[in-house]
Amino acid sequence: MIRTLKNILSLFIGKPRVAAKQRSQETMNLILNRRSCRSFTDEEIDKDDFLAILEAGRFAPSTVNLQTWSFITFTRAQWREVFDRPIPFNGMQAIVICADMFRLKNNFPDLKDTPYVNISFALFNAGLAAMNMTIAAEALGLKSIMLSETGKTGLLDFAYLKEKLRLPDKVIPMTTLVVGKAKGEKAGIPPRQPWKANVMEKVYNADNCEMLEDWQQQMFIGFKLTHPLSNFQKQLEMYKKKMVEAEEEIKKQYRV
Ligand SMILES: Cc1cc2nc3c(=O)[nH]c(=O)nc-3n(C[C@H](O)[C@H](O)[C@H](O)COP(=O)(O)O)c2cc1C
């Protein structure tokens, strides 16, 4: 009981633990205070801000500088044209971030023999670009959220997005970055796992799985608080079904 109360409390008062000097550093502060935003206003985004966000993505580091990503951009009107509904959470603009091994097919034909490594590189690099864009948005006073499920926006709706966006084979729609001005502030920070569960010295600590009990309970409680009418287990089942479908799509394209 006391443990459960502690876990509930941690959802409201949990914060990144960083020394004051480091916390006062502007970029550090920005990274630590970034939160996924799930409610946006109708205020337009400055055109140059949006271009700067994309350029931040293009300038992310990548394996052998292969830049295995592509970004498909949308205004509200364009999103509606393609998907026949609004951008999730009333976002102002959206960027579908794809891991892209299609574009390089003529430049590096030899890469075709290493599909697992190709996918790993491509996904990792696209993730770096996505994060660069997220941080750029924060720096410009905007908010964002990466989506891979809500509103059929990413990997879990691979086949659907492939058709809607006319993606060629070997382009994986990883996530949609929704951007805009935040409507209100949300209290609380989604719980992080204990430090020792994922930061290790010298060698891997395989006991880390046992450290996740509190975190898991915090996740359940957090879900109940933010989605009082939804059922976590049902949500999980739906995720699992979509994961199997996305898996099939990847296998089809990469023949792994
Ligand atoms: C690739 C990716 C996909 C995500 N997909 C969704 C989504 O479909 N719906 C959603 O509400 N949040 C989504 N999120 C946001 C996560 O839930 C969020 O990052 C996590 O709970 C941590 O919260 P924070 O971003 O505020 O720190 C996604 C995040 C990432 C990185």
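Here's the deal with the environment of lysine 240
Thought 1: Structurally, lysine 240 is set in helix α10 (residues 232-254).
Thought 2: On the basis of relative accessibility, which here comes to 44%, the residue lysine 240 falls in the partly exposed class.
Thought 3: For the pair formed by lysine 240 and leucine 156, sequence separation is 84 residues and the distance between their alpha carbons is 9.3 Å.

Details of the sheet that holds strand β1 (residues 69-75)
Thought 1: One open sheet accounts for four strands, arranged β1-β2-β4-β3; its pairing is antiparallel. Because the sheet does not close on itself, it has two edges, and the strands there are β1 and β3 (143-147). Here the strands of the sheet are splayed against their neighbours by 20 degrees on average, with no regard to which way each runs.
Thought 2: Sheet topology places β1 next to strand β2 (residues 93-100); seven bridges connect them, and they run antiparallel.

Concerning helix α6 (residues 115-139)
Thought 1: The end-to-end C-alpha distance of α6, which contains 25 residues, comes to 36 Å, matching closely the 36 Å that a straight helix rising 1.5 Å per residue would cover.
Thought 2: A positive phi of about 80 degrees marks glycine 141, the residue just after α6.

Here we look at the packing of helix α4 (residues 47-58) against α6
Thought 1: Running from amino to carboxyl end, α4 crosses α6 at an angle of 145 degrees, the nearest separation of the two axes being 7 Å. Here the hand of the crossing between α4 and α6 comes out right-handed. Across the interface between the two elements, Ile53, Leu54, Ala56 and Gly57 from α4 touch Ala129, Asn132, Met133, Ala136 and Ala137 from α6.
Thought 2: Considering only residue class, the contact of α4 with α6 consists of seven nonpolar, two polar and no charged.

Notes on unusual backbone geometry
Thought 1: A positive phi angle, near 60 degrees, is found at aspartate 84, a position not held by glycine.
Thought 2: With respect to the secondary-structure elements, aspartate 84 resides in the loop between α5 (76-83) and β2.
Thought 3: Here the phi dihedral of lysine 152 falls at roughly 55 degrees; this positive angle occurs in a residue that is not glycine.
Thought 4: Within the secondary structure layout, lysine 152 lies in the loop between β3 and α7 (158-164).
Thought 5: Given a relative accessible area of 35%, lysine 152 falls into the partly exposed group.

Rules and cut-offs
Residues numbered from 1 in each chain as written. Predicted model: local features only at pLDDT ≥ 70, side-chain atom pairs only at ≥ 80, totals over all residues. Heavy atoms only, no water. Helix = DSSP H or I, 4+ residues; strand = E, 2+ residues; numbered from the N terminus. Buried < 20%, exposed > 50% of the residue type's maximum accessible area, 1.4 Å probe, protein only. Pairing = 2+ DSSP bridges. Axes fitted to C-alpha atoms, helices over the stretch in contact; angles between N-to-C directions. Expected span 1.5 Å × (residues − 1). Left-handed = near helix turned anticlockwise from the far one by under 90°. Contact = heavy atoms within 4.5 Å. Nonpolar A, V, L, I, M, F, W, Y, C, P; charged D, E, K, R; others polar.

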